[in-house]
Amino acid sequence: MEYKFLLESILEHLDEGILVVDKSANVTFYNEPVTNIAGITQEKAIGKNILDIFPELTPESSTFYKVLRNKQPIVDYVQTYINYQGVAVSTLTTTIPLIKQGEIVGALEIYRDLTQVKELSEKVLSLQSELFKKKSNEKSYKGNGVIYTFDDIIGESTTIKELKARARKIADSSSPVLVYGETGTGKELLVQAIHDASKLRRNQPFIAQNCAALPNTLLDSILFGTTAGSFTGARDKPGLFELADGGTLFLDEVNSMDMELQGKLLRVLQDGVVRRVGGVNTIVVDVRIIASTNEHPLKIVEQKLLRKDLYYRLNVIPLNIPALKERKEDIATLTQFFIDMYNDKVNKKVKRISAAALDIFQSYHWPGNIRELKYTIESIMNFTDNNIIDIIDVPHHIISSIQATEMKQQEPAGDIVIASLVDNLNEYEKKLIQMAIKQANGNGAKAARILNIPRQTLHNKLKKHNIHWEVVVNNNSEC
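Figured I'd write up the structure that's included with this text. Keep in mind that this is a model prediction, so the values were computed, not measured.

The rules behind each value
Residues numbered from 1 in each chain as written. Predicted model: local features only at pLDDT ≥ 70, side-chain atom pairs only at ≥ 80, totals over all residues. Heavy atoms only, no water. Helix = DSSP H or I, 4+ residues; strand = E, 2+ residues; numbered from the N terminus. Buried < 20%, exposed > 50% of the residue type's maximum accessible area, 1.4 Å probe, protein only. Pairing = 2+ DSSP bridges. Core = buried A, V, L, I, M, F, W, Y, C linked by side-chain atoms within 4.5 Å. Contact = heavy atoms within 4.5 Å. Phe/Tyr/Trp six-rings, centres within 6.5 Å; stacked < 30°, edge-to-face > 60°. 1 Å grid on protein atoms, 1.4 Å probe; cavity = no way out; pocket = protein on both sides within 12 Å on 5 of 7 lines; lining within 4 Å. Points joined across faces, edges and corners; volume = space filled by probe spheres on them. Nonpolar A, V, L, I, M, F, W, Y, C, P; charged D, E, K, R; others polar.

**Describing unusual backbone geometry**
Even without a glycine there, the phi angle at E253 is positive, about 55°. By the element assignment, E253 lies in the loop between β8 (248-252) and α10 (259-271). Overall, E253 belongs to the partly exposed group, its relative accessible area being 23%. Its identity as a non-glycine residue notwithstanding, K304 has a phi of 60°, on the positive side. Its place among the elements puts K304 in the loop between α11 (297-302) and α12 (308-314). The class for K304 is exposed, based on a relative accessible area of 66%.

**Some points on the pairing of β8**
Of all five residues in β8, five are buried; the element is thus mostly enclosed. On β8, burial covers both faces: T248, F250 and D252 on one face and L249 and L251 on the other are all buried. Here strand β7 (residues 206-210) runs beside β8; their pairing, made up of five bridges, is parallel. Across the sheet, the residue bridging to I207 is L249, located in β8. Relative to strand β11 (residues 288-293), β8 is paired through four bridges, and the arrangement is parallel. Bridging across to β11, L251 finds its partner in A291.

**Quick look at the nonpolar core**
General note: in soluble globular proteins, nonpolar side chains tend to be found buried as a group. I360, F361, W366, L373, I377 and L458 are the most contacted members of the largest nonpolar core, which totals 44 residues. If you list the elements that add at least two residues to this core, you get α13 (331-346), α14 (355-363), α15 (369-383), α16 (396-410), α17 (416-439), α18 (444-451) and α19 (455-464). When residues of this core are assigned to their parent elements, the largest contribution, seven residues, is made by α17. If near-sequence neighbours (up to four positions away) are discounted, W366 is found in contact with L324, I331, F361, E372, L373, T376 and I398. In this structure, I207, M257, V285 and I300 belong to the second largest nonpolar core, which totals 35 residues.

**Here's the deal with the packing of aromatic side chains**
In this structure the tally under the stated criterion is five aromatic pairs. Both rings, one in F224 and one in F241, keep their centres 5.1 Å apart while their planes meet at 45°; by these two values the pair is tilted. Of the two residues, F224 sits in helix α8 (residues 216-224) while F241 sits in helix α9 (residues 240-243), which places them 17 residues apart along the sequence. Both residues of the pair, F224 and F241, count as buried. Taking 4.7 Å as the distance between ring centres and 80° as the angle between the ring planes, the aromatic pair formed by Y364 and W366 counts as edge-to-face. Considered together, Y364 and W366 belong to a single accessibility category, that of buried residues. Feature note: the residues F361, Y364 and W366 constitute an aromatic cluster, connected by ring pairs.

**Re the layout of surface pockets**
In this structure, the largest pocket encloses a volume near 760 Å³. Lining the largest pocket we find 31 residues, and of these G184, T185, G186, K187 and L189 sit closest to its centre. Looking at the lining of the largest pocket, the elements with two or more residues in it are α6 (158-169), α7 (187-197), β8, α13 and α15. The element contributing the most residues to the lining of the largest pocket is α13, with five residues. Within the lining of the largest pocket, the residues separate by chemical class into 15 nonpolar, seven polar and nine charged.

If you want it as structure tokens, here you go:
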């Protein structure tokens with residue numbers, strides 16, 4: 001295959017655009033992405049000065065001109081401008097100087113469309129701003145950005161009771177909080193409960209922002225706001241710190257911020273003031289900062305993903321949410337809670353989970369934590385026709401995962417308890433298959449669908465467990 005043909009095919013289907021200019025900022029190479037960001041054809045672009053293609057840009061605001069002047073790259077820069085067709089677009093650009101034998105000969109820019117992301121972010125900011133202008137007697141849900149309270153944290157284990165007591169105790173404090181918990185443990189639920197329990201802040205805004213969801217340059221302007229003229233297309237706009245004034249700002253996955261932005265956050269925590277992007281005036285804000293990570297904070301500090309000084313400032317109040325595998329005594333309570341919830345949502349009348357199925361749940365390691373348990377129950381509730389969730393309803397991947405784990409633990413030999421658990425799981429699987437065959441009235445394809453496994457896998461398991469199809473169909477006693 002010709003490399004030229006291969007390269008042209010790759011470029012033709014890229015979502016990113018590529019622009020190359022010479023040292024006078026005249027276009028020498030141009031590849032417009034399928035999203036048509038710049039709005040000009042390759043034939044028209046080649047030979048034109050970059051300012052002729054984007055008339056709103058100036059030598060001072062153009063990233064190309066800046067790079068040609070300073071000989072330094074500009075990475076992940078967000079800008080909004082009018083393209084060649086007169087359409088306003090927002091892009092995330094990286095511009096790199098092209099240096100040959102010590103002399104700058106041009107610049108290369110790779111750009112990606114951010115228009116929809118930016119529009120969505122602006123709508124969110126606008127909606128949040130309007131929401132918190134409402135009077136307290138005009139509340140929807142709770143009117144302050146909060147849905148959950150401490151009553152929504154389900155569990156009777158000692159660790160959960162201690163966590164709730166500890167969180168209630170610091171609800172009225174203004175000190176920063178650092179929440180650590182694996183994905184799916186309910187970090188935002190806890191943070192919302194803290195805000196709602198605060199006598200000082202519960203009637204003020206609660207705003208949550210996932211720091212991993214946006215590029216850092218866009219996150220910077222969303223958090224701190226912008227000043228008109230600070231970059232092409234910028235307007236005077238408050239950021240989340242200003243919108244959350246008097247309330248709580250929750251920064252999820254705070255370690256996704258780059259070090260520069262983490263430094264700006266540290267200054268807000270220390271001084272209580274913000275400065276909009278491109279602005280010169282400082283604005284005093286009264287915001288309680290609660291941040292979270294889904295990896296252990298000390299680990300990400302060691303990996304240099306979280307500044308040490310920011311860690312020390314945030315970790316004034318550390319709250320660690322245990323993984324579900326560390327609070328298995330809560331699985332029965334949580335399961336019943338989700339059964340009751342989804343009875344209403346999917347119009348079922350399931351009463352409870354059987355002891356055998358609950359044993360399986362409590363043997364599983366739940367890598368997705370409470371979120372995984374919740375959606376497992378939702379899935380089961382959509383398919384079951386019974387009023388009790390039993391072994392046959394348990395997703396096959398859960399049983400397979402337990403079997404694989406226990407078989408590995410059984411290898412060192414001599415552990416009778418583990419061997420017994422594996423035997424029991426095999427019995428569960430055998431019983432499940434028998435029940436599926438019965439329920440399907442001997443129809444193999446239907447039984448495989450009930451079990452959510454390929455038909456060939458079902459036949460293999462029939463051999464493994466020495467199950468005789470005709471005997472199961474004709475003999476009620478085997479099920």
